[in-house]
Structures are given as C-alpha cells and as structure tokens.
Amino acid sequence: MCMVDLEKASGAGPQRDAEGCLAVAIRLPVRIVVLVLVVPVRMVWDALVVAGRFLRDTVLRPVGRALAWLGLAVFVWPLVGLWRYVVVPLARGVGWLGRVLLVVPAVWLYRWVLTPVGHGIAWLCARAGAGFVGVGRGLYAALVWLGRYLVVVPAVWLYRWVLTPVGHGIAWCGRQVARGVRLVLTGVGFVLYWTVRVLLVLPALAVWRWVLTPVGRVLAVVGREVADAAGHAWRIAGHLSRAVGRFLGTVLRWTVAEPARWVYRSVLTPVGHAVRDTVVRPLAEAGRSVGRATRQALASARLTARQARADVRRMLFGEPAERRPVDRREPSAAEARTLGSSTTALTKD
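Residues numbered from 1 in each chain as written. Predicted model: local features only at pLDDT ≥ 70, side-chain atom pairs only at ≥ 80, totals over all residues. Heavy atoms only, no water.

**Digging into the overall build of the protein chain**
Stated formally: Runs of H or I in DSSP of at least four residues are treated as helices and runs of E of at least two as strands, each being numbered from the N terminus. In this analysis, two residues are considered to be in contact whenever any of their non-hydrogen atoms come within 4.5 Å of each other. Only the protein chains shown count as cover for residues, and the accessible areas themselves come from Shrake-Rupley with a 1.4 Å probe.
Helices and strands together make up the secondary structure of the protein chain, namely 4 helices and 0 strands. Counting from the amino terminus, the protein chain carries its helices and strands in the arrangement α-α-α-α. Taking the contacts inside the protein chain whose residues are at least 6 apart along the sequence as the reference set, 78% of them involve residues at least 24 apart. Of the roughly 29,700 Å² that the protein chain leaves accessible, carbon and sulfur atoms contribute 73%.

**Focus: a positive patch on the surface**
Let me state the cut-off plainly: Exposure above 30% relative accessible area and the absence of a salt bridge qualify a residue for a patch, where like charges join within 9 Å and nonpolar side chains (Val, Leu, Ile, Met, Phe, Trp, Tyr) within 5 Å. Counted as salt bridges are all cases of a side-chain nitrogen of Lys or Arg within 4 Å of a carboxyl oxygen of Asp or Glu. His is not counted, nor are the chain ends; Lys and Arg add positive charge and Asp and Glu add negative charge. In plain terms, the charge of a residue is placed at NZ if it is Lys, CZ if Arg, CG if Asp and CD if Glu. Whether a residue is buried, partly exposed or exposed follows from its accessible area with a 1.4 Å probe, protein chains only, as a fraction of its type maximum: under 20%, in between, or over 50%, in that order.
On the surface, a cluster of positive charge is contributed by R302, R306, R309 and R313. Here R309 shows up in helix 3 (residues 21–317). Overall, R309 belongs to the partly exposed group, its relative accessible area being 48%.

**Let's talk about the pattern of salt bridges**
Considering all chains together, one arrives at 8 salt bridges under this definition. In this structure, the salt-bridge partner of D57 is R61, at a minimum N-O distance of 3.9 Å. Of this pair, D57 and R61 both sit in helix 3, 4 residues apart, which is roughly one turn of the helix. Judged by relative accessible area, which is 40%, D57 ranks as partly exposed.

**Overview of the confidence of the model for the protein chain**
This is how it is decided: Looking at any residue, its pLDDT shows the predictor's confidence there, from 0 to 100.
Of the residues in the protein chain, 84% have a pLDDT of 70 or more, and the chain-wide mean is 82. Here helix 1 (residues 2–11) stands out as the least confident element of the protein chain, with mean pLDDT 39; helix 3 is the most confident, with 87. The low-confidence segment residues 1–18, where pLDDT is below 50, has 8 contacts with residues more than four positions distant or belonging to other chains.

**Some words on the nonpolar core**
What counts is decided by this rule: Take the buried residues of types Ala, Val, Leu, Ile, Met, Phe, Trp, Tyr and Cys, join any two whose side-chain atoms come within 4.5 Å, and each joined set is a nonpolar core.
The biggest cluster of nonpolar side chains holds 6 residues, and these are V34, V38, V39, A229, A233 and A237. When sequence neighbours within four positions are dropped, the list of residues in contact with V39 reads A237 and L240.

**Concerning the packing of aromatic side chains**
How we decide: Stacked, tilted and edge-to-face are the three classes assigned to paired rings of Phe, Tyr and Trp, where Trp is represented by its six-membered ring and a pair needs centres within 6.5 Å; plane angles under 30 degrees give stacked, over 60 edge-to-face, the rest tilted.
Tallied over the entire structure, the rule returns 4 aromatic pairs. On the basis of an interplanar angle of 90 degrees and a centroid distance of 6.4 Å, the ring pair of W69 and W77 is categorised as edge-to-face. The class of W69 is exposed, set by a relative accessible area of 55%. On the numbers, 6.4 Å between centres and 65 degrees between planes, the contact of F190 with W194 is edge-to-face. Taken as a pair, F190 and W194 lie in helix 3 at a separation of 4 residues, close to a single helical turn.

**Examining the side chain of S241**
Positionally, S241 belongs in helix 3. Owing to a relative accessible area of 11%, S241 belongs among the buried residues under this scheme. Sequence-distant contacts of S241, that is, excluding residues within four places in its chain, are made with R42, M43 and D46.

**Points about the environment of R56**
Heads up, the rule is: Within 3.5 Å is the distance limit for a polar contact, defined as a pair of N or O atoms, with the added protein rule that one can donate a hydrogen and the other accept it, and that residues adjacent in sequence qualify only through two side-chain atoms.
Relative to the helices and strands, R56 is located in helix 3. Assessed through its relative accessible area of 40%, R56 is described here as partly exposed. Sequence-distant contacts of R56, defined by excluding residues within four places in its chain, comprise R61 and P62. A polar side-chain atom of R56 sits 3.2 Å from a polar atom in the side chain of D57.

So this is what it looks like as structure tokens:
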C-alpha cells in the first residue's frame with residue numbers, strides 16, 4: 001500500500017506538491033485507522049450477503065412460489081369463477097329485465113307522449129315570445145333615449161368641465177409630493193447603505209476571507225483524505241474477505257464435498273448398479289411379462305364375448321342383410337336430363 005502511494009506520488013508530482021505538507025502528514029495515520037475499522041465491517045457485510053443469497057434461493061423463493069400458488073387457488077380462481085358464472089349471468093339478466101321493464105316503456109312514453117306535448121308547448125312559447133319581443137324592443141328604445149339624455153349627456157359634461165381639471169391638479173400635486181419623498185428616501189438609503197456596509201459587510205468579508213476560508217480548506221483536505229482512505233480500506237477489505245471465503249470454500253470442499261463425492265462415485269454408484277441389475281431389472285421384466293399375459297388374456301376374452309354376442313344375434317334375428325355398394329360416380333349428361341325431367345314431373349304432380 002505504501003509502495004503504491006509512493007509510485008502515485010512520483011507519477012503525479014505537481015498535484016502532490018500542490019496538496020502541501022498537511023495532506024501528506026495526515027494521510028498515512030488516517031488510512032491505517034480507517035483500514036482497521038473497515039476490514040471487520042466488510043467481512044461481516046460479505047458474510048451477510050452470502051447468507052442472504054442462500055436464504056433467498058433455498059427458503060424465500062420456494063415459499064414465495066407456494067404462497068403465490070396458494071393465493072391463486074384460494075382467492076383468484078374462486079373470484080374468477082364467481083365473476084364468470086354468477087355475477088356476469090346475473091348482471092345480464094338484470095340488464096335484460098331493466099331494458100324490458102324500464103327502457104322500452106320510457107322510450108315509448110318519450111316518443112309518443114312527451115315529444116308531441118313538448119312540440120305543442122314549444123309552438124305556444126314561440127308565438128308568445130314573438131309578442132314579448134315586440135314589446136321588449138319598444139321598451140328598450142324608450143329606455144335608451146331616456147338614458148342618453150338623462151344620464152350620458154350630463155355625465156360627459158361633468159367629466160369634461162369638472163372632473164378633468166380637478167384630476168389634473170391632483171396629479172400635479174401628487175407628482176411634486178412623490179418627488180420630495182423620493183429625494184428623502186434616496187438620502188436615507190444612502191446613509192443606511194454605508195452604515196450596513198461599514199458595520200456588517202466589511203467585517204463579515206474579513207472573517208470569511210481570513211478565517212473561514214483557511215479553516216474550510218483544512219477541513220476539505222481532511223475530508224478528502226478520509227474519503228480516499230475509506231475507499232482504499234474498503235477495497236483491501238474486499239480482497240481479504242474474498243481470500244477468507246476462498247479458504248473456507250477450499251476447506252469445505254476437501255472436508256465435505258470431496259469425501260461425499262468419493263463415497264457417491266466409489267460406493268453408492270456400484271451398489272446402485274448391482275441392485276439395478278440383480279433386483280430392479282428382473283422385477284421389471286417379470287412385471288412386463290405379467291402385463292403382456294394379462295393383456296393377451298383380456299383380448300381373447302373380449303374376442304370370445306364378441307363372437308358369443310354375434311351368435312346370439314344370428315339365432316334371434318337371423319343373418320343380416322348384405323350391404324349393396326353405392327355407385328358414387330357422377331351421372332352423365334343423358335342421366336342428368338332424365339333425372340331433371342322426372343323431378344319436374346313430380347313437382348307438377
């Protein structure tokens with residue numbers, strides 16, 4: 001690790017020179033402390049990851065599949081059956097009854113009762129509305145004439161000869177007052193600006209420049225070194241954890257897997273082959289022989305029963321009539337004409 005740091009330092013000279021002696025002084029102890037703290041955490045984390053994957057593959061996934069199938073069997077399939085075979089037919093029946101008992105009578109009432117009545121009421125309203133429109137037009141013309149000569153003309157005269165001069169005077173006074181207030185506010189703002197700048201801004205700027213900036217730079221260097229040390233320690237801990245895992249896997253392989261494999265290959269497999277050749281195969285051959293004999297016996301019994309039924313049928317009803325072959329060839333032109341004439345004669349009769 002130190003050699004890697006030295007190589008990096010020789011490869012990036014200007015950057016290390018720019019960091020200063022503070023970063024170089026705190027780098028090594030910080031990395032040692034962080035490595036001691038991170039290695040156990042990384043090993044525990046890798047162990048938890050392996051245990052979690054094993055638990056997921058062997059327990060959680062089969063349990064989840066079983067619960068999913070149980071949920072389908074208990075909830076989904078009964079609900080689907082209830083919806084398909086109960087709710088949908090019942091809803092169709094209720095819809096048919098509603099259409100027959102409500103929609104059809106309502107449509108008939110609307111078409112043959114309400115529509116003629118509405119047309120008559122609309123005709124009466126149209127005739128009455130024509131009269132009301134004539135009366136309204138006369139009243140509107142009278143009200144417009146009265147409003148023009150009683151309201152509009154006096155209002156225009158009042159606006160032109162009274163309100164306009166008074167408004168101009170008020171506006172001139174307002175502009176003068178606003179100018180004076182603006183001058184006063186400008187002077188007060190100038191005084192407040194220099195007061196705040198001298199009493200607050202300049203001291204705050206000095207504190208920021210000569211106190212907070214150096215402290216922030218020191219803290220930034222420390223934080224950067226701690227972050228780099230944590231990254232290096234995490235990677236080193238990963239390599240250590242991988243080495244420990246490989247060692248444990250090798251131990252389990254040579255203490256459990258290889259002996260079990262040797263026992264399976266050298267002991268159980270020959271014993272299984274011997275049992276298969278001496279016990280299972282003879283039993284299977286005997287079972288197949290018994291099955292063939294049983295099938296042959298059943299076939300002969302069926303054939304005998306079929307012959308007995310045929311003999312009884314012949315004794316009771318006699319020999320069956322011979323079936324005549326049907327001529328499936330297409331008729332010629334003369335036969336077609338003869339068949340057509342006979343069909344016509346039968347139709348006329």
